[in-house]
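Working through the structure, step by step
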Amino acid sequence: MAADEPLVLGIETSCDETGVGIVRGTTLLADAVASSVDTHARFGGVVPEIASRAHLEAMVPTIERALKEAGVSARDLDGIAVTSGPGLAGALLVGVSAAKAYAYALDKPLYGVNHLASHICVDQLEHGPLPEPTMALLVSGGHSSLLLAPDITSDVRPLGATIDDAAGEAFDKIARVLNLGFPGGPVIDRLAKEGDPAAIAFPRGLTGPRDAPYDFSFSGLKTSVARWIEAKRAAGEEVPVRDVAASFQEAVVDVLTRKAVRACKDEGVDHLMIGGGVAANSRLRALAQERCERAGIRLRVPRPGLCTDNGAMVAALGAEMVARNRRPSDLELSADSSLPVTEPHVPGAHHEHTHDHVHEISKDNLYS
């Protein structure tokens, strides 16, 4: 870790995690997270208004905790990065507003970055600089995407994406049908280890010869699993929860890994990066490793804590922006709930801004 590498703080509030990370170059110094997932669990999913309020309450304490953990002062920072999209509009707005306030008060450059590009860039903190181009499979509650990134700061190309439910969303919905609670991913992963993945032949969506080779569809799978469970219950039979979990999970990760390896072969890329919350799934990791080894592809997957939403990933992309002299965002940066992945960051003077302006405040009073 060189002292002249950029020291960047990253803020992530796209959903229900208030994440604040601090990196120097590609070295992680702090990764503080305040989660509101337990608050949402009783509703069976994330409630946007509750998430926004939780971010508001957690923001300053989480930033202070990260600075303390990293052993740095806010005035030492070379830049502040924040997820400006995609995500829940209200939740994003809290993070963007906080980042703009700190950037203004500290007179530091501001970088509004893309949530999906950040999920790719976080791997630099664990496995070193990203190859160029990078092939990435991103799987989470809101996204299932195959992306080719020749330059993570300026050139990210979508090859395929989900046309309906994302993989993580399907996990949550099946967990709800099985009465397993929220979030569904971890509990299904755990139960699947005790079940038979070949017990039930659930469908593999969009895997026919005429289907889009890199797109994903999990809606049909979700419906098939739900109907299978309903039929068992209607017949008065016990539902084999572990076998259902294992067979459903296998159907998801089979399609994800099959399409990702195909994309690597078709594009001539000899490595695959997997990110996003579902990348913490143990079966996805194991099957991806098995298929990548067979195809001569190097697999890069961050540790589970860096796969779920966190501030470290935002700081990692922000540090890369600083290192490559990308233009900072301006203080009229807006939260954009549908920011396309083709925009890894939102540079100043090139973006339409219609709302969310920073109020005139005293720098001395805002942050000492």
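Here is what the cut-offs are and how they apply
- Residues numbered from 1 in each chain as written.
- Predicted model: local features only at pLDDT ≥ 70, side-chain atom pairs only at ≥ 80, totals over all residues.
- Heavy atoms only, no water.
- Helix = DSSP H or I, 4+ residues; strand = E, 2+ residues; numbered from the N terminus.
- Rg over C-alpha atoms; globule rule 2.2 N^0.38 Å.
- Buried < 20%, exposed > 50% of the residue type's maximum accessible area, 1.4 Å probe, protein only.
- Contact = heavy atoms within 4.5 Å.
- Areas by Shrake-Rupley, 256 points an atom, 1.4 Å probe, with all protein chains shown as cover.
- Lys, Arg positive; Asp, Glu negative; His and termini not counted.
- Charge placed at Lys NZ, Arg CZ, Asp CG, Glu CD.
- Core = buried A, V, L, I, M, F, W, Y, C linked by side-chain atoms within 4.5 Å.
- Pairing = 2+ DSSP bridges.
- Axes fitted to C-alpha atoms, helices over the stretch in contact; angles between N-to-C directions.
- Phe/Tyr/Trp six-rings, centres within 6.5 Å; stacked < 30°, edge-to-face > 60°.
- Salt bridge = Lys/Arg side-chain N within 4 Å of Asp/Glu carboxyl O.
- Polar contact = N/O pair within 3.5 Å; in protein donor to acceptor, adjacent residues only side chain to side chain.

For the rest of this paragraph, the subject is the overall build of the protein. Counting secondary structure elements, the protein contains 13 helices and eleven strands. In summary, the protein has a C-alpha radius of gyration of 21 Å against a globular reference of 21 Å for 368 residues, a match within 12%. With the principal axes as the frame, the protein shows a C-alpha extent of 70 × 45 × 35 Å. Sorting the 368 residues of the protein into buried and exposed places 53% on the buried side. For the protein, restricting intrachain contacts to residue pairs at least 6 apart in sequence, the fraction spanning at least 24 positions comes to 72%. For the protein, the computed accessible surface area is about 15200 Å², with 49% contributed by carbon and sulfur atoms. Of the charged side chains in the protein, 35 are positive and 49 negative, and the gap between their average positions amounts to 5 Å.

Quick look at the side chain of Asn281 now. Here Asn281 shows up in the loop between β9 (271–275) and α10 (282–295). A relative accessible area of 6% places Asn281 in the buried class. Contact partners of Asn281, with chain neighbours within four places excluded, come to Phe171, Asp189, Gln249 and Val253.

Another aspect to go through is the nonpolar core. Counting 50 residues, the largest nonpolar core has Leu137, Phe248, Leu256, Leu272 and Ile274 as the members making the most contacts within it. The biggest single contributor to this core is helix α9 (residues 241–267), with 13 residues. Non-local contacts of Ile274, meaning those with residues more than four positions away in its chain, are made with Leu137, Val139, Ala279, Leu284, Ala288, Leu299, Arg300, Val301 and Pro302.

The step from Glu132 to Pro133 runs through a cis peptide bond, and the omega angle for that step is 0°. In this fold, Pro133 is placed in the loop between α5 (124–127) and β6 (134–139). For the bond running from Phe182 to Pro183, omega is -5°, close enough to zero to count as cis. The residue Pro183 is located in the loop between α6 (167–177) and α7 (184–192) in this model. Within the chain, Leu206 stands out as a residue other than glycine whose phi angle is a positive 55°. Exposure remark for Leu206: the relative accessible area of 22% places this residue in the partly exposed category. At Asn325, a residue that is not glycine, the phi angle is positive and equals roughly 60°. Residue placement: Asn325 occurs in the loop between α12 (311–323) and β11 (345–346).

Spatial strand order, β8-β7-β6-β9-β10: five strands in an open sheet with mixed pairing. Both edges of this open sheet fall to β8 (155–161) and β10 (298–300), since each of them pairs with a single strand only. Adjacent strand axes in the sheet meet at a mean angle of 25°, parallel and antiparallel pairs treated alike. Both β9 and β10 contribute to a ladder of three bridges, which runs parallel.

For the coordinates displayed, the defined rule picks out three aromatic pairs. Ring geometry for Phe202 versus Trp228: centroids 6.3 Å apart, planes at 85°, classification edge-to-face. One end of the pair, Phe202, is in the loop between α7 and α8 (219–234); the other, Trp228, is in helix α8, with 26 residues separating them in the sequence. In this structure Trp228 comes out as partly exposed when scored by relative accessible area, which is 25%.

We now examine the sheet that holds strand β5 (residues 110–114). Ordered by their spatial adjacency, six strands build an open sheet running β3-β2-β1-β4-β5-β11, and the pairing between neighbours is mixed. Since the sheet does not close on itself, it has two edges, and those belong to β3 (27–35) and β11, each with one partner. Bridge count between strand β2 (residues 17–24) and β3: eight bridges; the pairing is antiparallel. Each bridged residue has a counterpart across the sheet, and for Val20 the counterpart in β3 is Ala32. Strands β1 (7–12), β2, β3, β4 (79–85), β5 and β11 of the sheet are contacted by α12, whose axis makes an angle of about 135° with β1.

Now for the pairing of β1. The buried count for β1 comes to six of six residues, which makes it a mostly enclosed element. Of the strand pairs in this sheet, β1 and β2 are connected by six bridges, and their pairing is antiparallel. Residue pairing for β2: Val8 is matched across the bridge by Val23. Sheet topology note: the β1/β4 ladder contains four bridges and is parallel. Looking at the pairing, Gly10 lines up with Ala81 of β4.

For the coordinates displayed, the defined rule picks out 18 salt bridges. The salt bridge partner of Arg204 is Asp254, with a shortest N-O separation of 2.9 Å. Of this pair, Arg204 sits in the loop between α7 and α8 while Asp254 sits in helix α9, and the two are 50 residues apart along the sequence. Here Glu320 makes a salt bridge to Arg324, at a shortest N to O gap of 2.8 Å. On the accessibility criterion, Glu320 (13% relative accessible area) is buried. Of the residues examined, Arg324 reaches a relative accessible area of 26% and is grouped as partly exposed. Counted as one network, the salt bridges with shared partners bring together Glu132, Asp151, Glu320, Arg324 and Arg326.

Turning next to the side chain of Glu17. As for its placement among the helices and strands, Glu17 is situated in strand β2. Here Glu17 sits buried without a salt bridge, and the closest side chain of opposite charge, Arg65, lies 9.2 Å off (N-O distance). Separated by 3.2 Å, the side chains of Glu17 and Ser35 make a polar contact. Excluding residues within four positions of it along the chain, Glu17 makes contact with Glu12, Val33, Ala34, Ser35, His55 and Asp309.

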